[in-house]
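Coordinates in review
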Amino acid sequence: MSLVLGQRAIPRDTTLWEWFTDPVTWTGSGGILVSLGDTVALCAAVIVASAILAVPVSAYLAHRRLAQVTSAWLVNIGRALPTFAVAALLVPISLRGGYGFEPWPIFIALTLLTVPPMFLSTYVAVKEVDEAAVNAARAMGFTERAVLLSVELPLASTVIFTGLRVAAVQVVATEPIRAFLGGDGLGRYIRDGIGQNNATLTVGGTFLIAALAGLTGITLTAIERLAKPYGVRRLRADRSSRPGETDEVDVTDVAEPAGSHAAAGRLR
Amino acid sequence: MILVTQRNPVLRWSYFGEQWDRIQAAIGEHLFLTLTPVAIGFILSAVLAGIGLRYRWTVGPITLFAAFLYTIPSVAFFGILRTTPLGLSIYTVLIPLTAFTILILVTNILDGFRAVPAPVREAADAMGLSPVRRLFTVEVPVAVPYMINGLRIATVTLVGLVAVAGIVGRGGLGNLIMEGIRRQFWTPLTIGALLSIVLAITLDLLFFLLGRWLTPWARTARS
Amino acid sequence: MLPVSGAGTGVAARPPIPACLSSPPVPLLPHETGTVIDQDLKTPAIRLRGVRKRFPGTTEDAVAALDLDVERGSIVALIGPSGCGKTTTLRMINRLIEPTAGRIEIEGDDVSNQPPVELRRGIGYVIQQVGLFPHRTIAANIATVPRSLGWDRSRVQERVRELAGVVGIDAQMLDRYPDELSGGQQQRVGVARALAADPPVLLMDEPFGAVDPIVRGRLQDELLELQNRLHKTIVLVTHDLDEAIKVADQVALLNVGGILEQYATPDELLRAPASEFVERFVGEDRSMRRLALATVGDLPFEAGPVVDVDADVTTGLAVIDDHRSDWLGLVEDETFLGWVPREQLVVGTELRQIERFLPAAQVAPSSTLRSALEIIMTSRTSVAVVNDAGRFRGTVTLERIRAGLAGDLDAPTEHAA
């Protein structure tokens, strides 16, 4: 429980280079490898949980065109929730239940952060699937279930996955607040840097988080490219070749006019 | 072993009465730290969007730069400025908070202007509205819903980030949260967290209502 | 050929709309536009001379050296295939596009000498997508130009109400927003907005292209009715030949690259295509289109196999022999009484005594030749009686319609110019 100080005080005149090249920085109980493991494990758990919570329900509702207004309102309220405050609020509750500082409060708060945008992008993606394709499927005798599973979801998959990627990067960038709520992870170096008034630690920690966020984005983009069905890939290429249209445009809103997805509720 | 006990419960209601002045000050600071960067950010974003609309090629670089600022983890941004000569001054918080609004606001303002239908623009020209008049009587009003939406998102985002600024001791309600964590005294933490959430939802609603009030035409649309 | 229309060419060939003829023209607003009347009437309202447009980055002219005169108070339709520069031409008139070369005059003034903003306030503009301001009420939309011109509030209000009546917008709708209106209603508002400051010139770019055919037909009728009262100079872009024929006094048919193929009245365009291109464009059924264009009243009077009811049978027989008809028509005091068949015409009987068949086939002078044809085809007598509010005005046969199409149907209505 490293609440106030890190395990190891680093002399203030240590340079970034020295810090990064010191093996102790990497290994050991407070080392980067352990922190990285903590962070990756939590982020992965959050993304998987959010996807399970958001995508099936959203896709089903969108398929049936149900709860459009309710969904929009829930998404709006959901993305108004301040992640840090939610996590903090859950800490004493978790303690009272005997679950400790970690990881439930931060896990729930991050999940609440990512569910609304993922729900939204899935809903929009399924809803905007070319109506002609859906009607054609119905006309050929597809059951509603088959329409959803073998027409709507594949066609919407790119947009859904883009939403997932954006959410993942966001989670990685937000996860460091955990270090200020009684946890560890890569945020610990920033926390310790502030605590020891040591710029090297803070900047070093920032680099690590930025690198992980960047890597997450790149990896998921690569997976997205490889895993895409050929037809959808073609579709995608056509769409993105349109001037002024970027990935961003896809993850837009249900009920609101604007929708920079960047906006879609990043509350760290 | 840290415990939530009867003497240290999740929330002790009497704290409100005892510490009301502090709570009030924290709410005030939280509001100030939220709305000031949103206002500054809106002005900066309007200028940047104006440049982007005037010189199309700048849109890419502007967005890229804004996205870069946006991806800096908030704790890192605060932490780094904390170790600079800015130290514990208000700017350590205001600068990152303002920076975080730019991406949201610029993209929404640009979306708003792009949403003005070409025929509407053409009709305005054809009726002899000067470019300045066209901007203020046609394009800006049509873009208002987008701007409001950007302001909504920027505002709720900042309510959350101001709370995070509690880690450098300049975070309004975030200060209460951090105090609770440090002293393992749950009442201020719970109050700070709850009020942050209430504040975010309230401001979101207020901006939503402002948008409805400013755009009566959007309300009545048949579609 | 340079089809510059002379001042004498008719503004013709459009069926008059009786309701409008009886109502006096709506007075132009007393304030401005009085100038129009003072102008030398020989000056065309709009004159294009050698107007050329080449867009940057292209190697072909969008419009090539176009000469065109638009007579005051007439409707000119610009028509042609995509890429013929019709919209570009229109947009050069109010300087939404600047010509690469050439001169455009409105009432003799070179438009390039006038600041675009002021120029445009004096020119109404209607486009297919209407382009109503979504954030303003219908009333505020209509009031746009008067407000820009600084009219006082009460005058603007009065004008808005007046225009709503002119274009047929319910006064209750004035406080609504554009999104709440149907496409046809929106287009009416678009026309009202364009007319708001009473500009002498109106430019319309496929104004009825976005509404369904039934509404389109009605809006076209309303436009004609409006024009009968307001006498604007209207340039209208369309891709719909039927619309051009129905609405325009003169049709300018453009080929790709903005080359003017023919500039003529609709009937002339159909009767005498100036080139193979025009012939192909107006299509093989151009005779049928002319049938829809011309009316029974356009045909010269012909009595047909008809005699006065007091004539004797011998005269009657001579008349139907003359017309190679099997039926004889009887008239009394300009009233058509009916038909008698040839076998009933026995010398010695009185015509008045013979049993008559009531005239089944009747047309009015305002009926189109097309409807006359329809009626003749389905009547036993192969002859239609022209009945102008109960008064006999001659007869129409297939042969007469055919002969009419061979001639110039504009001629009889030339007086309208």
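What you are looking at is a predicted structure, and each value in this text was computed from that prediction instead of being measured.

1. Some words on the overall build of chain C
From N to C terminus, chain C includes 16 helices and 16 strands. Contacts spanning at least 24 positions in sequence make up 66% of the contacts within chain C whose residues lie at least 6 apart.

2. With respect to the nonpolar core
Formed by 232 residues in total, the largest nonpolar core has its most connected members in Ala88(A), Val106(B), Ile177(B), Ala77(C), Ala192(C), Val235(C) and Ala252(C). Of the residues forming this core, the biggest block, 16 residues, is contributed by helix α7 (residues 131-164) of chain B. Three or more residues apiece are contributed to this core by two domains, here domain 1 (18-122 + 199-293) and domain 2 (297-412) of chain C.

3. A word on the environment of Ala115(B)
Residue and element names in this part refer to chain B. Within the element layout of this structure, Ala115 appears in the loop between α5 (91-114) and α6 (118-126). The class of Ala115 is partly exposed, set by 16 C-beta atoms lying within 10 Å. The spacing of Ala115 and Leu195 is 80 residues in sequence and 36 Å in space, taken between C-alpha atoms. Sequence-distant contacts of Ala115, that is, excluding residues within four places in its chain, are made with Val142, Ala143 and Tyr146.

4. So, the domain arrangement of chain C
Residue and element names in this part refer to chain C. As assigned here, chain C comprises domain 1 (18-122 + 199-293) and domain 2 (297-412). Taken together, the contacts link eight residues of domain 1 with eight residues of domain 2. For the side of domain 1 that touches domain 2, the secondary structure elements donating two or more residues are α11 (266-271) and α13 (286-293). It is α13 that contributes the most residues to the side of domain 1 that touches domain 2, four residues altogether. Each residue belonging to the side of domain 1 that touches domain 2 can be placed in one class, and the counts come to two nonpolar, two polar and four charged.

5. Quick word on the interface of chain A and chain B
With 44 residues of chain A at the contact, the number on the chain B side is 47 residues. At the level of elements, α4 (68-80), α5 (83-96), α9 (187-195) and α10 (199-227) of chain A are the ones that each hand at least two residues to the side of chain A that touches chain B. Broken down by element, the side of chain A that touches chain B gets its largest block of residues, eleven residues, from α5(A). When its residues are assigned to classes, the side of chain A that touches chain B shows 29 nonpolar, ten polar and five charged.

6. Some thoughts on the sheet that holds strand β7 (residues 201-205) of chain C
Residue and element names in this part refer to chain C. Strand order in the open sheet formed by six strands is β6-β7-β8-β3-β9-β10, and the pairing between neighbours is mixed. Each end of this open sheet is capped by a strand with a single partner; those strands are β6 (123-127) and β10 (259-264). Pairwise comparison of adjacent strand axes, ignoring direction, gives a mean angle of 15° for this sheet. Pairing geometry for strand β3 (residues 75-79) and strand β8 (residues 233-238), over five bridges, is parallel. Bridged to Ile75 within β8 is Ile234.

Definitions and cut-offs
In every chain, residue numbers begin from 1 and rise along the written sequence. Key to labels: chains lettered from A, ligands numbered from 1, both in the order written. Selection of residues for local features in this predicted model requires a pLDDT of at least 70, selection of side-chain atom pairs for listing and counting requires 80 or more, and totals for whole chains, interfaces and linings are taken over all residues. A run of DSSP states H or I qualifies as a helix once it reaches four residues; a run of E qualifies as a strand once it reaches two. Both are numbered from the N-terminal end. Two residues qualify as being in contact provided that their C-beta atoms, derived from the backbone, are within 7 Å of each other. Any nonpolar core is a set of buried residues, restricted to Ala, Val, Leu, Ile, Met, Phe, Trp, Tyr and Cys, that join up through C-beta atoms within 7 Å. Three exposure classes are used, all based on how many other C-beta atoms lie within 10 Å of a residue's own C-beta (placed from the backbone): buried at 20 or more, exposed at 12 or fewer, and partly exposed between those limits. A domain assignment, automatic or from a database, supplies the domain bounds used here. By the convention adopted, Pro, Cys, Tyr, Trp, Phe, Met, Ile, Leu, Val and Ala count as nonpolar, Lys, Arg, Asp and Glu as charged, and the other residues, Gly among them, as polar. Two strands are counted as paired when DSSP detects at least two bridges linking them. Between N-to-C directions, angles span 0 to 180 degrees; the directions come from axes that are lines fitted to C-alpha atoms, helices contributing only their stretch in contact.

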